[in-house]
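# Per-entry structural report
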Amino acid sequence: MANVLTPQGEDFPRWYQDVVAKAQLAENGPAKGQQVIRPTGFALWERMVDEMDARIKETGTENASFPLLIPESYFRREADHVEGFAPELWTVTHAGGKELEEKLAVRPTSETIIGEYMAKWVKSYRDLPLLLNQWCNVMRYELRTRLFLRSSEFLWQEGHTVHESYEDAHEFTLRILHDVYADFMENVLALPVLRGIKTEAERFAGALNTFAVEALMRDGKALQMGTSHELGQNFARAFDIQFQGKDGQQAHGWTTSWGTSTRMVGGLIMGHGDDSGLRVPPRLAPVQAYVMVVKDSDEVQGAAKQVFDELKSSGLRVKLDHRADVAFGRRAVDAELKGYPVRIEIGPRDLKNGEATLVSRVKGVKETVPLGMLAEAVAAALEGDQQALFDEALERRERLTADAATVDEAVEAAQTGYARLPWDACGVEGEQKAAAAGVTVRVLQREDGSVPDSLDEPGLIAYLARSY
(Lines give C-alpha, C1' and ligand atoms only; values in the text may rest on other atoms or scores of the structure.)
Protein backbone atom coordinates (compact mmCIF):
# COMPACT_ATOMS: atom_id res chain seq x y z
CA MET A 1 0.00 0.00 0.00
CA ALA A 2 3.03 2.28 0.43
CA ASN A 3 3.08 2.66 -3.34
CA VAL A 4 -0.59 3.63 -3.41
CA LEU A 5 -0.95 6.29 -0.68
CA THR A 6 1.35 8.83 0.93
CA PRO A 7 1.65 7.78 4.63
CA GLN A 8 -0.32 9.97 7.05
CA GLY A 9 2.74 10.53 9.24
CA GLU A 10 4.74 11.79 6.29
CA ASP A 11 2.25 14.28 4.81
CA PHE A 12 -1.35 14.23 6.07
CA PRO A 13 -2.78 16.70 3.51
CA ARG A 14 -1.19 14.72 0.68
CA TRP A 15 -2.52 11.48 2.17
CA TYR A 16 -6.02 13.01 2.17
CA GLN A 17 -5.75 14.01 -1.47
CA ASP A 18 -4.46 10.52 -2.36
CA VAL A 19 -7.40 8.81 -0.63
CA VAL A 20 -9.97 11.05 -2.35
CA ALA A 21 -8.38 10.32 -5.74
CA LYS A 22 -7.40 6.63 -5.40
CA ALA A 23 -10.65 5.58 -3.69
CA GLN A 24 -12.47 7.35 -6.54
CA LEU A 25 -14.46 9.62 -4.22
CA ALA A 26 -14.30 12.98 -6.00
CA GLU A 27 -12.28 15.26 -8.22
CA ASN A 28 -12.12 18.93 -9.06
CA GLY A 29 -14.68 20.49 -11.40
CA PRO A 30 -13.87 22.82 -14.31
CA ALA A 31 -14.42 26.06 -12.35
CA LYS A 32 -12.49 27.00 -9.21
CA GLY A 33 -13.88 25.38 -6.09
CA GLN A 34 -16.28 23.01 -7.81
CA GLN A 35 -16.26 19.31 -7.02
CA VAL A 36 -17.38 16.29 -9.00
CA ILE A 37 -18.51 13.60 -6.55
CA ARG A 38 -17.96 10.17 -8.06
CA PRO A 39 -20.31 7.21 -7.43
CA THR A 40 -18.24 5.79 -4.54
CA GLY A 41 -18.23 9.17 -2.78
CA PHE A 42 -21.85 9.87 -3.58
CA ALA A 43 -22.90 6.48 -2.17
CA LEU A 44 -21.39 7.57 1.17
CA TRP A 45 -23.35 10.85 0.99
CA GLU A 46 -26.55 8.97 0.11
CA ARG A 47 -26.19 6.82 3.21
CA MET A 48 -25.64 9.97 5.29
CA VAL A 49 -28.76 11.51 3.75
CA ASP A 50 -30.82 8.38 4.51
CA GLU A 51 -29.76 8.26 8.16
CA MET A 52 -30.01 11.99 8.75
CA ASP A 53 -33.32 12.39 6.93
CA ALA A 54 -34.93 9.71 9.11
CA ARG A 55 -33.76 11.50 12.26
CA ILE A 56 -34.88 14.89 10.98
CA LYS A 57 -38.36 13.55 10.23
CA GLU A 58 -38.54 12.04 13.72
CA THR A 59 -38.61 15.64 15.02
CA GLY A 60 -41.74 16.36 12.96
CA THR A 61 -39.82 18.31 10.33
CA GLU A 62 -40.99 18.07 6.70
CA ASN A 63 -38.91 18.37 3.53
CA ALA A 64 -39.54 21.14 0.99
CA SER A 65 -37.68 22.82 -1.86
CA PHE A 66 -36.94 26.53 -2.36
CA PRO A 67 -35.38 28.51 -5.24
CA LEU A 68 -31.66 28.55 -5.95
CA LEU A 69 -31.67 32.22 -6.96
CA ILE A 70 -32.54 34.81 -4.32
CA PRO A 71 -33.25 38.52 -4.99
CA GLU A 72 -30.40 40.63 -3.65
CA SER A 73 -32.90 42.83 -1.78
CA TYR A 74 -33.80 39.89 0.48
CA PHE A 75 -30.30 39.87 1.94
CA ARG A 76 -30.42 43.57 2.78
CA ARG A 77 -33.32 43.06 5.18
CA GLU A 78 -31.11 41.51 7.87
CA ALA A 79 -28.04 43.70 8.29
CA ASP A 80 -25.74 41.24 10.10
CA HIS A 81 -26.65 38.48 7.68
CA VAL A 82 -25.82 40.45 4.54
CA GLU A 83 -22.57 41.71 6.07
CA GLY A 84 -21.53 38.19 7.03
CA PHE A 85 -22.24 36.61 3.66
CA ALA A 86 -21.38 39.46 1.25
CA PRO A 87 -17.79 38.24 0.58
CA GLU A 88 -19.06 34.73 -0.26
CA LEU A 89 -21.93 35.57 -2.61
CA TRP A 90 -22.08 34.46 -6.21
CA THR A 91 -24.31 36.90 -8.12
CA VAL A 92 -26.26 36.56 -11.36
CA THR A 93 -26.40 39.88 -13.22
CA HIS A 94 -27.57 38.81 -16.69
CA ALA A 95 -30.15 36.37 -18.08
CA GLY A 96 -31.46 35.85 -21.61
CA GLY A 97 -28.76 38.16 -22.92
CA LYS A 98 -30.03 41.12 -20.88
CA GLU A 99 -28.96 42.76 -17.65
CA LEU A 100 -31.34 42.02 -14.80
CA GLU A 101 -33.22 44.84 -13.08
CA GLU A 102 -32.30 43.27 -9.74
CA LYS A 103 -29.29 41.06 -9.17
CA LEU A 104 -29.93 37.51 -8.00
CA ALA A 105 -27.71 35.80 -5.43
CA VAL A 106 -27.00 32.10 -5.78
CA ARG A 107 -28.07 30.80 -2.37
CA PRO A 108 -25.26 30.54 0.18
CA THR A 109 -27.99 29.55 2.68
CA SER A 110 -31.75 30.06 2.57
CA GLU A 111 -32.86 31.97 5.68
CA THR A 112 -33.94 34.91 3.53
CA ILE A 113 -35.97 33.13 0.86
CA ILE A 114 -37.55 30.74 3.36
CA GLY A 115 -38.30 33.60 5.73
CA GLU A 116 -40.25 35.31 2.92
CA TYR A 117 -42.53 32.28 2.57
CA MET A 118 -42.82 31.58 6.27
CA ALA A 119 -44.34 35.06 6.57
CA LYS A 120 -47.02 34.00 4.06
CA TRP A 121 -47.76 30.65 5.66
CA VAL A 122 -47.79 31.61 9.35
CA LYS A 123 -50.87 33.58 10.43
CA SER A 124 -51.89 32.05 13.76
CA TYR A 125 -50.36 30.23 16.73
CA ARG A 126 -52.19 27.20 15.31
CA ASP A 127 -49.74 27.25 12.36
CA LEU A 128 -46.80 26.79 14.75
CA PRO A 129 -44.31 25.29 14.95
CA LEU A 130 -43.53 25.33 11.24
CA LEU A 131 -40.68 22.87 10.72
CA LEU A 132 -39.02 22.75 7.28
CA ASN A 133 -35.90 21.16 5.82
CA GLN A 134 -34.43 21.00 2.34
CA TRP A 135 -31.66 18.91 0.75
CA CYS A 136 -29.93 21.01 -1.89
CA ASN A 137 -26.71 22.53 -3.17
CA VAL A 138 -25.38 25.94 -2.11
CA MET A 139 -22.55 28.14 -3.35
CA ARG A 140 -20.09 30.21 -1.34
CA TYR A 141 -17.02 31.79 -2.89
CA GLU A 142 -13.83 30.34 -1.39
CA LEU A 143 -10.22 31.39 -1.98
CA ARG A 144 -8.66 28.15 -0.76
CA THR A 145 -10.54 24.99 -1.58
CA ARG A 146 -10.21 21.31 -0.69
CA LEU A 147 -12.53 18.54 -1.86
CA PHE A 148 -15.37 17.83 0.59
CA LEU A 149 -13.91 20.15 3.25
CA ARG A 150 -14.16 23.58 1.65
CA SER A 151 -15.58 24.04 -1.82
CA SER A 152 -17.43 26.81 -3.65
CA GLU A 153 -20.37 24.48 -4.25
CA PHE A 154 -21.45 21.73 -1.89
CA LEU A 155 -24.42 19.57 -0.96
CA TRP A 156 -26.17 19.90 2.37
CA GLN A 157 -29.37 19.93 4.33
CA GLU A 158 -30.66 23.13 5.86
CA GLY A 159 -33.46 23.17 8.37
CA HIS A 160 -35.56 26.26 9.06
CA THR A 161 -38.24 26.54 11.72
CA VAL A 162 -40.49 29.14 13.34
CA HIS A 163 -41.88 28.80 16.86
CA GLU A 164 -44.34 30.51 19.16
CA SER A 165 -41.87 31.27 21.94
CA TYR A 166 -38.18 31.63 22.70
CA GLU A 167 -38.34 28.54 24.90
CA ASP A 168 -39.78 26.38 22.11
CA ALA A 169 -37.20 27.60 19.60
CA HIS A 170 -34.32 27.12 22.04
CA GLU A 171 -35.44 23.60 22.91
CA PHE A 172 -35.75 22.67 19.23
CA THR A 173 -32.29 24.09 18.41
CA LEU A 174 -30.75 21.80 21.02
CA ARG A 175 -32.93 18.84 20.01
CA ILE A 176 -31.44 19.03 16.51
CA LEU A 177 -27.93 19.27 17.99
CA HIS A 178 -28.35 16.21 20.23
CA ASP A 179 -30.99 13.92 18.72
CA VAL A 180 -30.17 14.44 15.05
CA TYR A 181 -26.56 15.56 14.62
CA ALA A 182 -24.69 14.11 17.59
CA ASP A 183 -26.73 10.91 17.51
CA PHE A 184 -25.94 10.31 13.83
CA MET A 185 -22.27 11.24 14.14
CA GLU A 186 -21.59 9.08 17.18
CA ASN A 187 -23.84 6.08 16.49
CA VAL A 188 -23.46 5.86 12.71
CA LEU A 189 -20.28 7.75 11.75
CA ALA A 190 -18.59 6.41 14.92
CA LEU A 191 -17.03 9.83 15.56
CA PRO A 192 -17.30 11.21 19.10
CA VAL A 193 -18.18 14.91 18.97
CA LEU A 194 -17.88 17.83 21.33
CA ARG A 195 -21.22 19.62 21.71
CA GLY A 196 -21.19 23.24 22.73
CA ILE A 197 -21.94 26.87 22.02
CA LYS A 198 -19.89 29.05 19.67
CA THR A 199 -18.32 32.31 20.77
CA GLU A 200 -19.62 35.60 19.39
CA ALA A 201 -16.74 35.69 16.89
CA GLU A 202 -17.68 32.24 15.54
CA ARG A 203 -21.46 32.79 15.61
CA PHE A 204 -23.56 32.52 12.45
CA ALA A 205 -24.26 35.93 10.87
CA GLY A 206 -27.54 37.24 12.30
CA ALA A 207 -27.95 34.54 14.97
CA LEU A 208 -28.64 34.95 18.67
CA ASN A 209 -26.58 31.83 19.47
CA THR A 210 -24.86 29.12 17.45
CA PHE A 211 -24.44 25.59 18.78
CA ALA A 212 -22.08 23.13 17.13
CA VAL A 213 -20.69 19.61 17.05
CA GLU A 214 -16.94 19.27 16.56
CA ALA A 215 -14.86 16.17 15.82
CA LEU A 216 -11.11 15.66 16.15
CA MET A 217 -9.32 14.33 13.09
CA ARG A 218 -6.39 11.91 13.12
CA ASP A 219 -3.90 14.76 12.60
CA GLY A 220 -5.09 16.55 15.75
CA LYS A 221 -7.10 19.23 13.96
CA ALA A 222 -10.78 19.89 14.68
CA LEU A 223 -13.54 19.80 12.10
CA GLN A 224 -16.91 21.52 12.54
CA MET A 225 -19.38 18.78 11.58
CA GLY A 226 -22.68 20.63 11.98
CA THR A 227 -24.29 23.74 13.45
CA SER A 228 -27.68 24.63 14.92
CA HIS A 229 -28.55 28.32 15.12
CA GLU A 230 -30.90 30.10 17.47
CA LEU A 231 -31.99 33.13 15.43
CA GLY A 232 -34.18 34.82 18.02
CA GLN A 233 -36.60 37.24 16.34
CA ASN A 234 -34.04 38.88 14.06
CA PHE A 235 -35.21 37.20 10.86
CA ALA A 236 -38.85 37.19 11.95
CA ARG A 237 -38.73 40.99 12.21
CA ALA A 238 -36.78 41.37 8.96
CA PHE A 239 -39.31 39.27 7.04
CA ASP A 240 -42.37 40.16 9.10
CA ILE A 241 -43.10 36.63 10.29
CA GLN A 242 -46.04 37.39 12.59
CA PHE A 243 -48.86 35.36 14.05
CA GLN A 244 -51.94 36.00 16.13
CA GLY A 245 -51.32 34.58 19.60
CA LYS A 246 -53.75 32.84 21.92
CA ASP A 247 -54.39 36.22 23.52
CA GLY A 248 -55.48 37.67 20.18
CA GLN A 249 -52.38 39.88 19.90
CA GLN A 250 -49.92 39.94 16.98
CA ALA A 251 -46.42 38.69 17.78
CA HIS A 252 -43.23 37.91 15.86
CA GLY A 253 -42.13 34.28 15.65
CA TRP A 254 -38.88 32.81 16.95
CA THR A 255 -36.82 31.09 14.26
CA THR A 256 -34.00 28.56 14.01
CA SER A 257 -31.78 27.23 11.24
CA TRP A 258 -29.39 24.28 11.20
CA GLY A 259 -27.24 22.43 8.69
CA THR A 260 -24.78 19.69 7.85
CA SER A 261 -23.04 19.09 4.52
CA THR A 262 -20.77 16.92 2.40
CA ARG A 263 -18.05 18.15 4.75
CA MET A 264 -19.05 15.10 6.81
CA VAL A 265 -17.51 12.92 4.07
CA GLY A 266 -14.22 14.72 4.68
CA GLY A 267 -14.66 14.10 8.40
CA LEU A 268 -15.22 10.42 7.76
CA ILE A 269 -12.01 10.20 5.70
CA MET A 270 -9.81 12.09 8.18
CA GLY A 271 -11.45 10.72 11.31
CA HIS A 272 -11.09 7.03 10.49
CA GLY A 273 -8.85 6.58 7.44
CA ASP A 274 -5.44 4.92 7.67
CA ASP A 275 -2.46 4.35 5.40
CA SER A 276 -4.44 1.75 3.45
CA GLY A 277 -7.33 4.11 2.68
CA LEU A 278 -10.86 4.58 3.99
CA ARG A 279 -12.28 2.73 6.97
CA VAL A 280 -16.05 3.09 6.71
CA PRO A 281 -18.15 2.38 9.82
CA PRO A 282 -20.39 -0.64 9.11
CA ARG A 283 -23.65 1.16 10.01
CA LEU A 284 -22.86 3.80 7.39
CA ALA A 285 -21.20 1.66 4.73
CA PRO A 286 -23.01 1.44 1.36
CA VAL A 287 -21.23 -1.92 1.02
CA GLN A 288 -20.98 -3.72 4.35
CA ALA A 289 -19.80 -7.08 3.00
CA TYR A 290 -17.74 -7.54 -0.16
CA VAL A 291 -17.83 -11.09 -1.53
CA MET A 292 -14.81 -11.88 -3.71
CA VAL A 293 -14.06 -14.77 -6.03
CA VAL A 294 -10.36 -15.59 -5.57
CA LYS A 295 -9.97 -17.91 -8.57
CA ASP A 296 -12.47 -18.52 -11.34
CA SER A 297 -14.40 -21.78 -11.63
CA ASP A 298 -18.06 -22.66 -11.97
CA GLU A 299 -18.08 -24.12 -8.44
CA VAL A 300 -16.44 -21.05 -6.87
CA GLN A 301 -18.68 -18.65 -8.78
CA GLY A 302 -21.76 -20.59 -7.67
CA ALA A 303 -20.68 -20.66 -4.04
CA ALA A 304 -19.88 -16.93 -4.07
CA LYS A 305 -23.29 -16.13 -5.53
CA GLN A 306 -24.96 -18.28 -2.87
CA VAL A 307 -23.06 -16.47 -0.09
CA PHE A 308 -24.01 -13.12 -1.65
CA ASP A 309 -27.70 -14.10 -1.74
CA GLU A 310 -27.68 -15.37 1.86
CA LEU A 311 -26.01 -12.25 3.24
CA LYS A 312 -28.30 -9.97 1.25
CA SER A 313 -31.39 -11.81 2.46
CA SER A 314 -30.19 -11.34 6.04
CA GLY A 315 -30.52 -7.57 5.56
CA LEU A 316 -26.91 -6.65 4.85
CA ARG A 317 -25.71 -4.35 2.07
CA VAL A 318 -23.59 -6.70 -0.05
CA LYS A 319 -21.57 -6.51 -3.26
CA LEU A 320 -20.35 -9.47 -5.31
CA ASP A 321 -17.03 -9.26 -7.15
CA HIS A 322 -16.89 -12.21 -9.55
CA ARG A 323 -14.39 -10.68 -11.98
CA ALA A 324 -11.86 -13.21 -13.20
CA ASP A 325 -10.12 -10.85 -15.61
CA VAL A 326 -8.76 -8.53 -12.87
CA ALA A 327 -5.95 -9.73 -10.59
CA PHE A 328 -7.15 -10.68 -7.11
CA GLY A 329 -4.47 -8.55 -5.43
CA ARG A 330 -5.54 -5.46 -7.34
CA ARG A 331 -9.18 -6.03 -6.37
CA ALA A 332 -8.22 -6.55 -2.72
CA VAL A 333 -6.24 -3.30 -2.66
CA ASP A 334 -9.21 -1.48 -4.20
CA ALA A 335 -11.51 -2.89 -1.50
CA GLU A 336 -9.08 -1.70 1.18
CA LEU A 337 -8.91 1.77 -0.36
CA LYS A 338 -12.70 2.07 -0.43
CA GLY A 339 -13.00 0.89 3.15
CA TYR A 340 -15.44 -2.01 2.77
CA PRO A 341 -15.84 -3.18 6.39
CA VAL A 342 -15.79 -6.93 5.71
CA ARG A 343 -14.37 -8.93 2.83
CA ILE A 344 -15.36 -12.54 2.19
CA GLU A 345 -12.83 -14.33 0.00
CA ILE A 346 -13.84 -17.62 -1.64
CA GLY A 347 -11.42 -19.76 -3.68
CA PRO A 348 -11.08 -23.43 -4.67
CA ARG A 349 -9.18 -24.31 -1.49
CA ASP A 350 -11.76 -22.57 0.71
CA LEU A 351 -14.58 -24.35 -1.09
CA LYS A 352 -12.89 -27.73 -0.74
CA ASN A 353 -12.76 -27.18 3.04
CA GLY A 354 -16.33 -25.86 3.18
CA GLU A 355 -15.25 -22.43 4.43
CA ALA A 356 -14.45 -18.88 3.41
CA THR A 357 -11.87 -16.29 4.51
CA LEU A 358 -13.31 -13.36 6.45
CA VAL A 359 -11.22 -10.16 6.42
CA SER A 360 -11.92 -7.24 8.78
CA ARG A 361 -10.92 -3.85 7.31
CA VAL A 362 -10.92 -2.15 10.71
CA LYS A 363 -8.90 -4.71 12.65
CA GLY A 364 -6.89 -5.91 9.67
CA VAL A 365 -7.27 -9.59 10.60
CA LYS A 366 -8.23 -12.67 8.59
CA GLU A 367 -10.06 -15.75 9.81
CA THR A 368 -11.56 -18.82 8.22
CA VAL A 369 -15.26 -19.38 8.82
CA PRO A 370 -17.45 -22.38 7.85
CA LEU A 371 -19.78 -21.41 5.01
CA GLY A 372 -22.82 -22.30 7.09
CA MET A 373 -21.81 -19.80 9.80
CA LEU A 374 -20.87 -16.87 7.56
CA ALA A 375 -23.98 -14.74 8.09
CA GLU A 376 -23.60 -14.93 11.86
CA ALA A 377 -19.83 -14.28 11.73
CA VAL A 378 -20.21 -11.29 9.38
CA ALA A 379 -22.91 -9.70 11.56
CA ALA A 380 -20.72 -10.09 14.66
CA ALA A 381 -17.67 -8.66 12.86
CA LEU A 382 -19.62 -5.63 11.65
CA GLU A 383 -20.97 -4.81 15.11
CA GLY A 384 -17.54 -5.25 16.69
CA ASP A 385 -15.84 -3.07 14.09
CA GLN A 386 -18.42 -0.29 14.52
CA GLN A 387 -17.64 -0.13 18.23
CA ALA A 388 -13.90 -0.46 17.64
CA LEU A 389 -13.85 2.60 15.39
CA PHE A 390 -15.73 4.71 17.93
CA ASP A 391 -13.54 3.51 20.82
CA GLU A 392 -10.37 4.27 18.86
CA ALA A 393 -11.54 7.78 17.96
CA LEU A 394 -12.63 8.48 21.55
CA GLU A 395 -9.31 7.25 22.97
CA ARG A 396 -7.44 9.47 20.51
CA ARG A 397 -9.51 12.53 21.45
CA GLU A 398 -8.95 11.97 25.16
CA ARG A 399 -5.24 11.40 24.63
CA LEU A 400 -4.92 14.56 22.52
CA THR A 401 -6.85 16.84 24.91
CA ALA A 402 -4.78 18.82 27.42
CA ASP A 403 -5.70 21.26 30.19
CA ALA A 404 -4.23 24.76 30.00
CA ALA A 405 -4.14 27.67 32.44
CA THR A 406 -3.19 30.46 30.02
CA VAL A 407 -3.78 31.34 26.38
CA ASP A 408 -0.11 30.70 25.59
CA GLU A 409 -0.34 27.21 27.09
CA ALA A 410 -3.54 26.60 25.14
CA VAL A 411 -1.96 27.65 21.83
CA GLU A 412 0.95 25.28 22.47
CA ALA A 413 -1.31 22.37 23.42
CA ALA A 414 -3.53 23.01 20.40
CA GLN A 415 -0.68 22.14 18.05
CA THR A 416 -1.46 18.46 18.61
CA GLY A 417 -5.15 18.40 19.61
CA TYR A 418 -7.65 20.14 21.91
CA ALA A 419 -6.65 22.58 24.61
CA ARG A 420 -9.15 22.96 27.44
CA LEU A 421 -9.04 26.42 29.03
CA PRO A 422 -11.40 28.29 31.40
CA TRP A 423 -13.23 30.88 29.31
CA ASP A 424 -12.57 33.44 32.08
CA ALA A 425 -8.83 32.93 31.44
CA CYS A 426 -9.30 33.39 27.70
CA GLY A 427 -12.07 35.84 26.89
CA VAL A 428 -12.37 37.83 23.69
CA GLU A 429 -8.82 39.21 23.91
CA GLY A 430 -7.37 35.76 24.43
CA GLU A 431 -9.48 34.42 21.56
CA GLN A 432 -8.04 37.06 19.26
CA LYS A 433 -4.51 36.30 20.42
CA ALA A 434 -5.00 32.58 19.77
CA ALA A 435 -6.52 33.27 16.35
CA ALA A 436 -3.40 35.21 15.37
CA ALA A 437 -1.49 31.98 16.04
CA GLY A 438 -3.86 29.91 13.91
CA VAL A 439 -5.87 28.51 16.84
CA THR A 440 -9.60 29.08 17.33
CA VAL A 441 -12.11 28.49 20.10
CA ARG A 442 -14.14 25.58 18.76
CA VAL A 443 -16.91 25.45 21.40
CA LEU A 444 -17.67 26.43 24.99
CA GLN A 445 -19.08 23.87 27.42
CA ARG A 446 -20.13 23.82 31.03
CA GLU A 447 -17.60 22.26 33.39
CA ASP A 448 -19.56 18.98 33.40
CA GLY A 449 -19.42 18.81 29.58
CA SER A 450 -23.03 19.82 28.96
CA VAL A 451 -24.12 22.54 26.54
CA PRO A 452 -24.65 26.07 27.93
CA ASP A 453 -27.87 27.92 27.15
CA SER A 454 -25.96 31.13 26.45
CA LEU A 455 -22.53 32.76 26.59
CA ASP A 456 -23.55 34.59 29.78
CA GLU A 457 -23.26 31.52 32.01
CA PRO A 458 -20.34 31.65 34.48
CA GLY A 459 -17.54 29.08 34.65
CA LEU A 460 -17.57 27.98 31.01
CA ILE A 461 -14.75 25.89 29.54
CA ALA A 462 -13.30 26.71 26.11
CA TYR A 463 -11.95 24.08 23.74
CA LEU A 464 -9.29 25.50 21.44
CA ALA A 465 -7.71 23.79 18.43
CA ARG A 466 -6.33 24.21 14.98
CA SER A 467 -9.09 23.47 12.53
CA TYR A 468 -10.16 22.87 8.97
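Computed from a predicted model, the values in this text were never measured in an experiment. (Residues numbered from 1 in each chain as written. Predicted model: local features only at pLDDT ≥ 70, side-chain atom pairs only at ≥ 80, totals over all residues. Heavy atoms only, no water.)

## Side note on the packing of helix H2 (residues 39-58) against helix H8 (residues 263-272)
Helix-helix packing is described using two parameters, namely the angle between the two axes and the distance between the axes. Inclusion rule: Convention adopted: a line fitted to C-alpha atoms gives each axis, helices being fitted over their contacting stretch, and angles between N-to-C directions are expressed from 0 to 180 degrees. A run of H or I in DSSP counts as a helix once it spans at least four residues, and a run of E counts as a strand once it spans at least two, with each numbered from the N terminus. Any angle that falls under 35 degrees is termed roughly parallel, while one over 145 is termed roughly antiparallel, one within 65 to 115 roughly perpendicular, and all others oblique. A clockwise turn of the near helix away from the far one marks a right-handed crossing, whereas an anticlockwise turn of less than a right angle marks a left-handed crossing. The contact definition used throughout considers only heavy atoms, calling two residues in contact when any of these lie within 4.5 Å. Under the scheme applied, nonpolar residues are Ala, Val, Leu, Ile, Met, Phe, Trp, Tyr, Cys and Pro; charged residues are Asp, Glu, Lys and Arg; polar residues are all the others, including Gly.
Contact geometry for H2 and H8: axes closest at 10 Å, N-to-C directions at 110 degrees. Taken together, the axes of H2 and H8 are roughly perpendicular relative to one another. Note on packing geometry: the crossing formed by H2 with H8 is right-handed. Counted together, Leu44, Trp45, Met48 and Met52 of H2 and Met264, Val265 and Leu268 of H8 form the full contact between these two elements. Grouping the constituent residues of the contact of H2 with H8 by class yields seven nonpolar, no polar and no charged.

## What to know about helix H9 (residues 298-313)
Short version of the rule: One less than the number of residues in a helix, times 1.5 Å, gives the span that helix is expected to have. Burial classification: accessible surface area is computed with a 1.4 Å probe over protein chains only, and a residue below 20% of its type maximum counts as buried, one above 50% as exposed, and the rest as partly exposed. Summarising the geometry, the arc corresponds to the directions from the helix axis toward the C-beta atoms.
Over its 16 residues, H9 runs 22 Å from end to end, which matches the ideal 22 Å to within 8%, given 1.5 Å per residue. Within the span of H9, buried status applies to Val300, Ala303, Ala304, Val307, Phe308 and Leu311. Buried residues of H9, viewed axially, fall in a sector of 140 degrees; they line one side. What points out from H9, more than 90 degrees from its buried face, is the exposed set Asp298, Glu299, Lys312 and Ser313. In the segment just after H9, glycine 315 is the residue with positive phi, at about 100 degrees.

## What about the nonpolar core?
Our working rule: By nonpolar core we mean a set of buried residues, namely Ala, Val, Leu, Ile, Met, Phe, Trp, Tyr and Cys, connected to one another through side-chain atoms within 4.5 Å.
Counting 71 residues, the largest nonpolar core has Phe148, Leu189 and Ile269 as its most contacted members. Per-element accounting of this core gives the leading share, nine residues, to helix H6 (residues 166-187). Ignoring anything within four residues of it in the chain, the contact list for isoleucine 269 reads Trp15, Tyr16, Val19, Val20, Leu25, Phe148 and Leu278. The next biggest cluster of nonpolar side chains, apart from the first, holds 23 residues, and it includes Met118, Leu130, Ala207 and Ala236.

## Quick word on the sheet that holds strand S15 (residues 289-293)
Rules: Following DSSP output, two strands are said to pair if at least two bridges run between them.
Ordered by their spatial adjacency, five strands build an open sheet running S16-S15-S17-S18-S19, and the pairing between neighbours is mixed. Two strands lie at the open edges of the sheet, namely strand S16 (318-321) and strand S19 (366-370), each paired on one side alone. Here the average twist between neighbouring strands, direction ignored, is 25 degrees. With four bridges joining them, strand S17 (residues 342-346) and strand S18 (residues 355-360) adopt antiparallel strand pairing. Within S18, the position partnered with glutamate 345 by the bridge is threonine 357.

## Considering unusual backbone geometry
Here the amide bond leading from leucine 128 into proline 129 is cis, since omega sits at -5 degrees, within 30 degrees of zero. Looking at where proline 129 falls in the secondary structure, it is placed in the loop between helix H5 (111-121) and strand S7 (130-139). Positive phi values are uncommon outside glycine, yet phenylalanine 148 reaches one of about 70 degrees.

## Thoughts on the sheet that holds strand S4 (residues 69-71)
Backbone-to-backbone hydrogen bonds join strands into a sheet, with any given pair of strands oriented parallel or antiparallel. Taken in spatial order, the three strands line up as S4-S6-S5 in an open sheet, and their pairing is antiparallel. The two strands at the open ends of the sheet, each matched to only one other strand, are S4 and strand S5 (90-95). Here the strands of the sheet are splayed against their neighbours by 45 degrees on average, with no regard to which way each runs. Bridge count for S5 against strand S6 (residues 98-106) is five bridges, and the pairing is antiparallel. Across the sheet, residue tryptophan 90 finds its bridge partner in S6, namely valine 106.

## A word on the side chain of threonine 262
On the secondary structure map, threonine 262 appears in the loop between strand S14 (254-261) and H8. On the basis of relative accessibility, which here comes to 0%, the residue threonine 262 falls in the buried class. Threonine 262 has contacts with Gln35, Ile37, Trp45, Phe148, Phe154 and Leu155, leaving out every residue within four places of it along the chain.

## Here we look at the pattern of salt bridges
Operational definition: Salt bridges are identified by distance alone: a Lys or Arg side-chain nitrogen within 4 Å of an Asp or Glu carboxyl oxygen.
Across all of its chains, the model carries 31 salt bridges by this definition. For the salt bridge of aspartate 53 with lysine 57, the shortest nitrogen-to-oxygen distance reads 2.8 Å. Of the two residues, aspartate 53 and lysine 57 both sit in helix H2, four residues apart, roughly one turn of that helix. Glutamate 457 serves as the salt-bridge partner of arginine 446, at 2.8 Å between the closest nitrogen and oxygen. Taken together, the residues span a long stretch of sequence, with arginine 446 in the loop between strand S22 (440-445) and strand S23 (461-465) and glutamate 457 in the loop between S22 and S23 at a distance of 11 residues. Judged by its relative accessible area of 26%, arginine 446 is partly exposed. Judged by relative accessible area, glutamate 457 falls into the partly exposed class, the value being 21%. In this structure, a network of salt bridges that share partners links the residues Arg218, Asp274, Arg279, Arg361 and Glu392.

## Considering the environment of isoleucine 56
Tracing the backbone through its elements, the reader meets isoleucine 56 in helix H2. Residue classification places isoleucine 56 among the buried residues on the basis of a relative accessible area of 0%. Isoleucine 56 sits 31 residues away from proline 87 along the chain, and the two C-alpha atoms are 31 Å apart. Setting aside residues no more than four positions away along its own chain, isoleucine 56 makes contact with Thr61, Asn133, Trp135, Gln157, Val180 and Trp258.

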